[in-house]
Amino acid sequence: MTQEELFEHMREWKAFVRRHNANIFDVMFKDIDYSLKDNELCSIISDIALFFGLDIPNIKTHCDTLTKIELDSNHENCSELYYNWQLLQKSGINNRDAFTLCMVHELTHLYFKDTRFLLCSNERWCHELATDYVVGIYSALKGIATSKYKYVVRQLPKTLTHPKGVHRADVVEFARECMFRFPWCDVDSAMAGLPAFVYGRQKLLNEELVQCVRDIKEKKDVILQNKPIVIEDLSDNNLLKQAVLKYKNSK
Ligand SMILES: [Zn+2]
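What you are looking at is a predicted structure, and each value in this text was computed from that prediction instead of being measured. (Residues numbered from 1 in each chain as written. Predicted model: local features only at pLDDT ≥ 70, side-chain atom pairs only at ≥ 80, totals over all residues.)

A. The overall build of the chain, seen in detail. If you tally the helices and strands in the chain, you get 12 helices and 3 strands. A globule of 251 residues ought to have a C-alpha radius of gyration of about 18 Å, yet the chain, at 24 Å, is considerably larger. Principal-axis analysis of the C-alpha atoms places the extent of the chain at approximately 100 × 40 × 40 Å. Counted over contacts in the chain with a minimum sequence separation of 6, partners at least 24 positions apart contribute 63%. (Helix = DSSP H or I, 4+ residues; strand = E, 2+ residues; numbered from the N terminus. Rg over C-alpha atoms; globule rule 2.2 N^0.38 Å. Contact = placed C-beta atoms within 7 Å.)

Have a look at this one:
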């Protein structure tokens, strides 16, 4: 083996090792593929839709966030899938595997659009965890690297629609472990493992939901407190309004 061949093997081995454990340096500077064009990205989406037996949604290559899907709940029109490749690359979703997993997440919302999981207090959190669980299943079935996807979602904060990113990254890994234990499973049968993850964290998820609602209420209160007072909008028996009007009339 020549020295060049040895270095090439070492490079491949290092790339293999970091497939599921990348740190920020690896996410931002290693295994990047800026050459992907929109037609290739669209064909990735079509392949995933085909895998899940879904109609291919209308694909829009502009988006104010990283990605989003607008579901056609009334079955009248096509669902619309949006992505912003520039933003995705900046966040760390910068190669084929990472983009594929983002699209698996979005398309799985379409797959589960009529499903009610009823596993925790916030059904929308259940859906996010379920779609990320499928990301884990898909990556195990197709041998796709999860490092960049997990790194990016782990940074995301909790909102009313999305649980804390750490749970999303962990559920990807949880699903992968399930698939290694039961490798003969298809997507539907592997979903049986999702309740174990959610029930294991139910107390924490509930506490975080309460905190999330409290934070939003506090933010609203601060905005209301800082709202300027319009004297004319106050009732006529308000002492402040009476004093201001009296002052204006005396001038
Ligand atoms: Zn989602």
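B. Quick peek at the nonpolar core. Counting 44 residues, the largest nonpolar core has C102, V104, L129, Y133, I137, Y149 and A175 as its most contacted members. Those elements that place two or more of their residues in this core are α3 (38–51), β3 (80–83), α4 (85–91), α5 (96–111), α6 (123–142), α7 (147–154), α8 (165–181) and α10 (194–200). Among the elements that make up this core, the one with the highest residue count is α6 (10 residues). In this view, I137 contacts A175, M179, V187 and A190; residues no more than four positions away in its chain are not counted. (Core = buried A, V, L, I, M, F, W, Y, C linked by C-beta atoms within 7 Å. Buried ≥ 20, exposed ≤ 12 C-beta atoms within 10 Å, placed from the backbone.)

C. Main features of the sheet that holds β3. Spatial ordering of the open sheet is given by β1-β3-β2, a layout of 3 strands whose pairing is mixed. Strands with a single pairing partner mark the edges of an open sheet, and in this sheet they are β1 (58–60) and β2 (67–70). Strand-to-strand twist in this sheet, taken as the mean axis angle between neighbours without regard to direction, amounts to 15°. Here β1 pairs with β3 via 3 bridges, running parallel. Across the sheet, N58 pairs through a bridge with E80, a residue of β3. Contacting β2 and β3, α5 runs over the sheet at an angle of about 15° to β2. (Pairing = 2+ DSSP bridges. Axes fitted to C-alpha atoms, helices over the stretch in contact; angles between N-to-C directions.)

D. Representation of unusual backbone geometry within the structure. Even without a glycine there, the phi angle at D31 is positive, about 55°. Here D31 shows up in the loop between α2 (24–29) and α3. For D31, a count of 18 C-beta atoms within 10 Å puts it in the partly exposed group. Within the chain, L118 stands out as a residue other than glycine whose phi angle is a positive 50°. Relative to the helices and strands, L118 resides in the loop between α5 and α6. Among the residues examined, L118 registers 9 C-beta atoms within 10 Å and is labelled exposed.

E. Local environment of the environment of C212. As for its placement among the helices and strands, C212 is situated in helix α11 (residues 202–226). The spatial distance from the C-alpha of C212 to the C-alpha of K158 is 7.1 Å, given a sequence separation of 54 residues. Apart from the residues within four sequence positions on either side, C212 is in contact with K158, T159 and L160.

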